[in-house]
Each structure stands twice: as C-alpha cells, then as structure tokens.
Amino acid sequence: MWRARRAAEACEVCQSLVNAHYTVQGPLPLLRLHLPSRSLHHLRPLPARPRRPQLPGSRQPFSSLGPLPLRRWKLSPAKPGYQPRRHFWPARLAARLLRLRYLLLGSAVGGGYTAKKTFDQWKDMVPDLSDYKWIVPDFVWQLDEYIDLEKLSKALPDSESLAKLLPDLDKLSGSFSLLKDFFSTGTSGETAFRATDASESDRQFKKGLLGELIILEQQIREHEEEARRAAGQYNTGYSQQKRKVSDKEKVEQLQEELLRTQLKYQRILERLEKENKELRKLVLQKDDKGIHHRHLKKSLIDMYSEVLDVLSDYDASYNTQDHLPRVVVVGDQSAGKTSVLEMIAQARIFPRGSGEMMTRSPVKVTLSEGPHHVALFKDSSREFDLTKEEDLAALRREIELRMRKNVKEGCTVSPETISLNVKGPGLQRMVLVDLPGVINTVTSGMAPDTKETIFSISKAYMQNPNAIILCIQDGSVDAERSIVTDLVSQMDPHGRRTIFVLTKVDLAEKNVASPSRIQQIIEGKLFPMKALGYFAVVTGKGNSSESIEAIRDYEEEFFQNSKLLKTSMLKAHQVTTRNLSLAVSDCFWKMVRESVEQQADSFKATRFNLETEWKNNFPRLRELDRNELFEKAKNEILDEVISLSQVTPKHWEEILQQMLWERVSTHVIENIYLPAAQTMNSGTFNTTVDIKLKQWTDKQLPAKAVEVAWETLQEEFSRFMTEPKGKEHDDIFDKLKQEVKEESVKRHKWNDFAEDSLRVIQHNALEDRSITDKQQWDAAIYFMEEALRGRLRDTEAVLENMVGPDWKKRWMNWMGRTQEQSVHNETKNELEKMLKCNEEHPAYLASDEITTVRKNLESRGVEVDPCLIKDTWHQVYRRHFLKTALSHCNLCRRGFYYYQRHFVDSELECNDVVLFWRIQRMLSITANTLRQQLTNTEVRRLEKNVKEVLEDFAEDSEKKMKLLTGKRVQLAEDLKKVREIQEKLDAFIEALHQEK
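Residues numbered from 1 in each chain as written. Predicted model: local features only at pLDDT ≥ 70, side-chain atom pairs only at ≥ 80, totals over all residues. Heavy atoms only, no water.

- The name recorded for the protein in an unreviewed UniProt entry is Dynamin-like GTPase OPA1, mitochondrial, from Phascolarctos cinereus.
- Listed under Catalytic activity (unreviewed entry) in UniProt, the entry text for the protein is "GTP + H2O = GDP + phosphate + H(+)". (UniProt positions renumbered as here; feature names shortened; annotations may be inferred.)

## Side note on the pairing of strand β8 (residues 430-434)
- Counted residue by residue, β8 has five buried out of five residues, so it is predominantly covered.
- Alternating residues of β8 divide into Met430, Leu432 and Asp434 and Val431 and Val433, and every residue in both groups is buried.
- One ladder, built from three bridges, connects strand β3 (residues 327-331) with β8; its direction is parallel. Across the sheet, Val328 pairs through a bridge with Val433, a residue of β8.
- Judged from the five bridges that link them, strand β4 (residues 363-368) and β8 form a sheet pairing that is antiparallel. Residue Leu367 lies in a different strand from β8, and its bridge partner there is Met430. (Buried < 20%, exposed > 50% of the residue type's maximum accessible area, 1.4 Å probe, protein only. Helix = DSSP H or I, 4+ residues; strand = E, 2+ residues; numbered from the N terminus. Pairing = 2+ DSSP bridges.)

## A closer look at helix α27 (residues 774-803)
- Spanning 30 residues, α27 covers 42 Å between terminal C-alpha atoms, matching the ideal 44 Å at 1.5 Å per step.
- Just downstream of α27 lies Gly804, where phi reads positive at about 90°. (Expected span 1.5 Å × (residues − 1).)

## Section: helix α18 (residues 548-561)
- For α18, with 14 residues, the first-to-last C-alpha span of 20 Å sits near the 20 Å given by 1.5 Å per residue.
- Every buried residue of α18 is listed here: Ile548, Ile551, Tyr554, Glu555, Phe558 and Phe559. Buried positions in α18, seen along its axis, are confined to an arc of 125° and lie on one side of it.
- Summarising the contacts, the buried residues of α18 are in contact with α12 (337-345), α16 (505-511), β11 (533-536), α19 (563-566) and α20 (577-617). (Arc of directions from axis to C-beta. Contact = heavy atoms within 4.5 Å.)

## Some details on the sheet that holds strand β10 (residues 498-503)
- What the nine strands build is an open sheet, ordered β6-β5-β7-β4-β8-β3-β9-β10-β11; its pairing is mixed. The open sheet has two edge strands with one neighbour each: β6 (384-385) and β11.
- Each of β3, β4, β7 (418-423), β8, β9 (468-474) and β10 is contacted by α12, which is oriented at about 160° to β8, the strand it contacts most. (Axes fitted to C-alpha atoms, helices over the stretch in contact; angles between N-to-C directions.)

## Observations concerning the pattern of salt bridges
- Enumeration over the complete set of coordinates arrives at 41 salt bridges.
- Residue Arg769 pairs with Asp690 through a salt bridge whose shortest N-O separation is 2.2 Å. Of this pair, Arg769 sits in the loop between α26 (754-767) and α27 while Asp690 sits in helix α23 (residues 682-699), and the two are 79 residues apart along the sequence.
- Two residues, Glu943 and Lys947, come together in a salt bridge whose shortest N-O distance is 3.7 Å. Of this pair, Glu943 and Lys947 both sit in helix α33 (residues 911-955), four residues apart, which is roughly one turn of that helix. (Salt bridge = Lys/Arg side-chain N within 4 Å of Asp/Glu carboxyl O.)

Pasting the structure below:
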C-alpha cells in the first residue's frame, strides 16, 4: 500500500511539474522526474482539468510511448476526467534490451582490457630468450643455405620404393597366424590385443626411413620370438609329432623370412649411417672453413690431450702426471695391440713387422672427430692425409724414425712418449697409449734388460689408479702362454678398470677343438684376472696390405656366419671393434668425469705451495722460467754483439797494432835486425833486411796478422760478454754466455781471401823506404828505442835469474846465490872483461876464446862447461848490443838531414832507424786493413754465428737445462708448469660441465 501511495504522490508531483512548466520550450531533464512514475500505474483518478490547446512553435507534447531522447523526457497532457491504463511492457522490453546491449558492450570492453592486462603480465613473466641464442649453433639457422633439403628429400626413396624393400606383410601375417594357430597357448583376447598394438605401432612409425627401421627391428624381434617359441614347442609334445614335416617346413620358411628381413634392415641401417656421416662431414667442413663469425672452441678431447702433453713434460717430485685417465693398451708381443688400435683409429698408421718388435716406445694417440681423416704430431704442423696411401707410408716411416731416435745407444726400448693426434669423421673421442709388447725371452740383438724395461714401462702406466687397461690377448695361441694377464691382474686385481680383448677369433675358432674354451675366456672363467667387459674381435687375415674397410667387412662377415654367435656362446654386443671402441670411449669419459676435478684441486694446492716458497726465497725477483730467462740472456748477448760494431776505428787499430807487434817483435829483432846488424856495411845490412823481410812476408806475416785479428775480436767480444753491468748483472747467465762465446768462436772462420790481400799490402808497405818528414823520423826512433828497451829489460831479467841477486838485494833481502848462479856470475864477469877489451866483438865466440875463458875460471877454482860459457855469452853480448843500439838511436835523432842526403859524406849511418820505420808503417797499414775487415765483414759474421748458436740452444732443451740451473730456475719452471696445467684443467672442466 505504501508503494501505491508513493506512486500516486509521485504522479501528482509529475502533473504539477507539467502544468508549471507547460510553457517551457524544450524537453525536461529526465533526472529531475520521480522514477517510480515511469514504471507504475496511477491507482486513483486525477481531478479533471480543461484541456488547453496546443501552442505552435517548438513546444512538443510529452508521451510516455514515444521514443525516449537521451537524458530528456517529453510529457504529454492527459485527458481530464479519465485515467488511462498504461501498458508499459513494450517500453520495459526495449529498456531491458538496451540495457542488455550496453551490458554486453561494457563486458566486452572490460573483458578485453582484462585479457590484455593479463596477457601483458604473462608476457612480462616469460624470460627473455634472446640472450640464449648462442646455445643453438649458427649453422642450424643457416643449414638451409648450405644443404638443399628439397634435393635431399627427393634423393630419399618414395613410399613405393620402400614398400618394395619391406617384406610381404600379408604373407608374414598369414605365417604368424598359422604359427599361432599351431603353437600359441594364449587366448584370443591376448592375440587381438597384440594385433591392435601392432597395427597402432605400424601406424605410428609408418612414415620416414627411421620409422621403417624401427618397424623392421620390431618385426625381427617378433620373428625371433616366434621362431624360438616354435622351435621350443616343436621339440615338445607327443601330439604334435603327427605334423612334424609341415611344422619343420614352416619353421624353415620363417627363418628364411627372418634372415631376409635382417639383411634389409642392415642395408637400410648402413645407408642411414652413410647419409648421417656425409651430413656430419659437410657440417664439419663448413665449420672448418670458418663460415661462422663466432670463434670455434677446441674440442674436449683436444683440450684433455693438451693437459696430458703438459703433464708428460712436468718432471717434479709431486708425481701427479699419472693420475689422469688414459687408455693403456698392453699385451704380449704380436698379440694384435697395434691392429686393434688401428681399427679404432680407422687407419693403418703404425709400422708393421712379422714377429719383430715394432713398438719400441710408447705412442700416445688422441682420437677426435673432424671433417677430414688426418694425423699430425704434437711438435709438427704437417698433416698426413690418412685417405692416401703415400701419406700413410710416410706417417709409418716417421713413427719408426721417431722410435729409433728415442731409443738410446745400447737399448732396445725407450720410455719417451711419441704424441700423435688423429682426427676423422665418426671417431670415438679418447686418448690411448700403445705400449711395447710384453716379451718372455730376450733374443739376440736385444739389450739384456729389455724384458725388465718393458715391464717397468707397462707398470708405470698401469699403476695409475685412473688408467683404463685394455688387455689384448691373442686368441690363436694357448691361453697358458699369456704373460700380460698376470701383469694386469697384479695392477688391477679387482678388474674395476680393465677391459679384456680377445683377438684373432677367426683363427681361434678354426684351431680350438672345443669352442666352449672361447666362451670361457669371454665369460672371464678361464683367466684368474677380472675385467669390466670382455670383447672378441677380428683384425684381418694377417695381410699387412689390407685396408681398414676390408678388415671391417671381413670381421662383420665372420661374426655373421660364426657358430659362436649362432650357438649363443658370444653375445652380439661383445663382438666387433666398433662395439669395443664405443665401450672403451664410454668407460674413458666416465673415468675422466669422476677424477678430473680431484686432480685440479691437487694442482691448486701445489701451486699455492710453490708461490709461497717463491715469495719467501725471491721476494724482489720476477718469476721467469727457463725459456724466459733464455730469451732475456739472448737479448743481452745480441746487444753485446751489436756493441762490437760501435767500437771506434782508432781503438781497433791501436789494439791490433799493439797485439801484432807483440807477436812479431821477437821475430823482427832476433831474426831480422840482429843478424843484419852484424854486417860490416850499410849495403849488406839493407840487402839482408830486404831478403829476410821478403821471406817473412811470403810465409808467416799474413797468417800471423789474421790470427792476431781473430784473437783481438775474441778478446773484445769476451770483454763485452763478461764485463759486469753493475746492479743489473745477473750471474745466472754467466755459464750460458761463456758457452755461447766458445761455440760461436768455434764456428767462426776468417775469410780465406784475407791473407792474400794482406800479403800484397804488407809487401808494398815494407818495400817503401822513403821517410817524408822529421816527425816520422822521430816516431821511428821512438819506436826503435821502445822496442830495444823492452828487449834490454828482458835480457837483464834473464841475466839476473842466471847469476842471482846482486849485493844490494842480498844485503837488503837476505838472499843468497846458489852454486850454479855463482858459476854463472863468475863466467859473466870474465866475459864482460873480454867485451871491454873489444867492444866491436862479433856475436859469436871463437873456440880459442872459449878455452881462454874456461882456463881463467879454472885458475880461480871455478869448473865450467863450454856450453855454460856459450849461454852466458849470448845474454852478455845481447845486453851489450842493445845498449850500443840505444846509444846509436840517440845519435840518429839528428840524422834525418843525413838521411835525406842518403848519408853521403857522413860517418853516421841510421839504416836501423829506416828498418824500424818500415816495420812501424807495415804495422799501421796492416792494422788499418784488419780493422776494415773486422768492421765490414767479420763482426757481422760473428753476429750471425752467435744468432745461429742461440737458435740452436733455444731448440735444445737439454742444453738450456744444463746452462740455466739453480733453485730459482727450477722453482720458476715448476710454477709455470703447475699454473699451465691448472689453467688447462679448469678450462677443460668448464667445457665438460657445459657439454653435460
């Protein structure tokens, strides 16, 4: 009721508003009306009012049934005295529809906005994968550019061709259903279920070559199960003997179908493997040509091989080089070790001999995958193409030469390792070490300790707790003759890291009377040793010219037809070298992952200890290893050689002239001047001098001059090499510098044409007698005086030693004369008396003079020998002559004027001064010529020899170890090696984790 009253009141209010504003032009606002009036009927009549006429203009009557304008209502006047019943259901329906439209539109807009916001939130939550594009190799995105996929798809056989390769499925299904009817014990429900599964699997794998292979494999397995079941049930049951003939035929027919299916499966599998190999080779070739902008990293196996190479050179007391895994190939001599290794490497790379020991030193072979089948040594850049026979022969020769080079004189084998890298498509990544074959008896031509040496080498590699032992046993000989099995069982008694390989199984199957013996060997029941796995392989027919492909085909053919497989004595995964290489590779990488981090930690501790020791012992020195020290010494030596070219010409000529005079002065005075001075006149003096000078120049002087020049160069070079450099001098280089100097001098040889040119120059210089000025005259006199004074001092020293000290020394130093010295003194005094009587006495004593002197001495009680008198006379006369010559030099100081006049009308003759001027000039010209040869030719040749010696020493590690020694060098060397090993191990471990 309250609603009705409120509605009536609202209608009255509305009517009053209409009357009050009837004259207002335009519609009224809808918001100002009472809303219930729009939806409810009036329940009581309104008072009648006169109807007004409509006014013209823009004013319009209001009607509730008219179209509703936006936000405005138009009111229409009601008839007086009559209350109409308003039917608002069309309006309400229209309002509901309009409201529904706006609701739908708003919901759509709001839902779209909410969806967009939710999408943006999810998009923000998704991580940005653009930073991880490097995970996918670049060649994947560019694969369609280099591989014609359409051409490849066209090359693949179509469905019709593949259908021809497949067996007749209808025929097989009929045979299977027939067999199941005969021999099946299962229910019909199980059979239907299996048929349903088979049809589903057929539909699932029907497409693609790989799917066909899977289908064929399933069919083979089903054939084998059915054949086994048929064969088992064929032999059981009396009730089935009636159908024996028909069942046997059906079994044989099924076996033939199974064999044909296996052959087709094998052909398709080989074709798929070939295509995969070609594609991989193509990708690797593109990779090898550098089409990627990204730098290609080294492969894992190459990084690991580098670590082993560094460890092999690391010779210290830490003994860590044997703790990293590698595959150690051991076996009896001629057991087929090398052949197995060649089958794994897919190339005939080792020298071969019939029964002769060929492996004389360990060979480390690093196998890795690459686009081309090549091999190269660690210390050489030459690549051997393993697909070419001439390169294979060259590689075998090189390996044999390196083995013989490693073997020292008097030995048969060597522990030094030859490092070889083999790359090729499809190779399993691993590191193998081929060891010399174990022998039982030392034959003629071998060293007596050959057997013990081979055992020690094998034990050194096998005692590594992480080494994988590949034990090779010859299957063609009696197992009791094997030596290596006992050795392997000692090194690995539990067989946790040993893989046993039985070779020459084809010969064993022919020769062994009981095939079960081979089964016992493969099952590990015949030998006391234990192993992780047992394998049987065939390494060819014994022909060294067989190729790897021929050997592999022969091996597969043998095992396909072998009774050992047909009778299940051998399992399929235990035969062929392919399965062996896969198993060895898996075992190798498993061992690497388990042990490499532990080895890296041990090297970190070693590095810390070495660095601490260096800081305590050499805190102010850089850590320079042997090679760095050698380079530093090399630079110093080359600088010192270069400094030879900076010696001034004046210095060269002075030392050359001085040394040359020291060498020839004795000959000049004793053999030229003194004999010529005994002549009676100047003509004879000059003639004697010319003859002797000519003879001397032709025979001795040029060679003596070259010898002096070479010694001078050596002394100057030695002076620069050994001269202390102050605080920068490092005595650790002294031995190296001395060795370089000696070796360079030994290699240096003076120019052969130098003596001929010197001979002409010296002869011309000695022929000249014209002194041009007084200065040269005075210089010649000074030169002559210095030479004579030097000889006089030497003569007096000889006399003093002969006669003993004089009275002053005897009195001051309390010295006395010996009996012989007293006799010499008495003889000297007697001879001096004779010289005083005749100062122009000739140089020789006559026999009567000797007799007179001896008798005079005997009269004073001195017994002398004639030889003693002659010896004493030589020194006494020599001193007398030199003193006379010196006094003559003083007289000749003013003789230059007479010389210019050729000593005409003059009693003074100074031919001896002219002689010494000629000698002096010859010395000066010779020194100048030798200086030119030194600076222009010989110093450069010496520098070249020094560089050659340094280059030879740089390549000779033993030489450097001998010349650069000491605790400082060894500690720096160990530090360098440990750091290098640790860095390489860390890089390898990081790459290993990334590969995982």
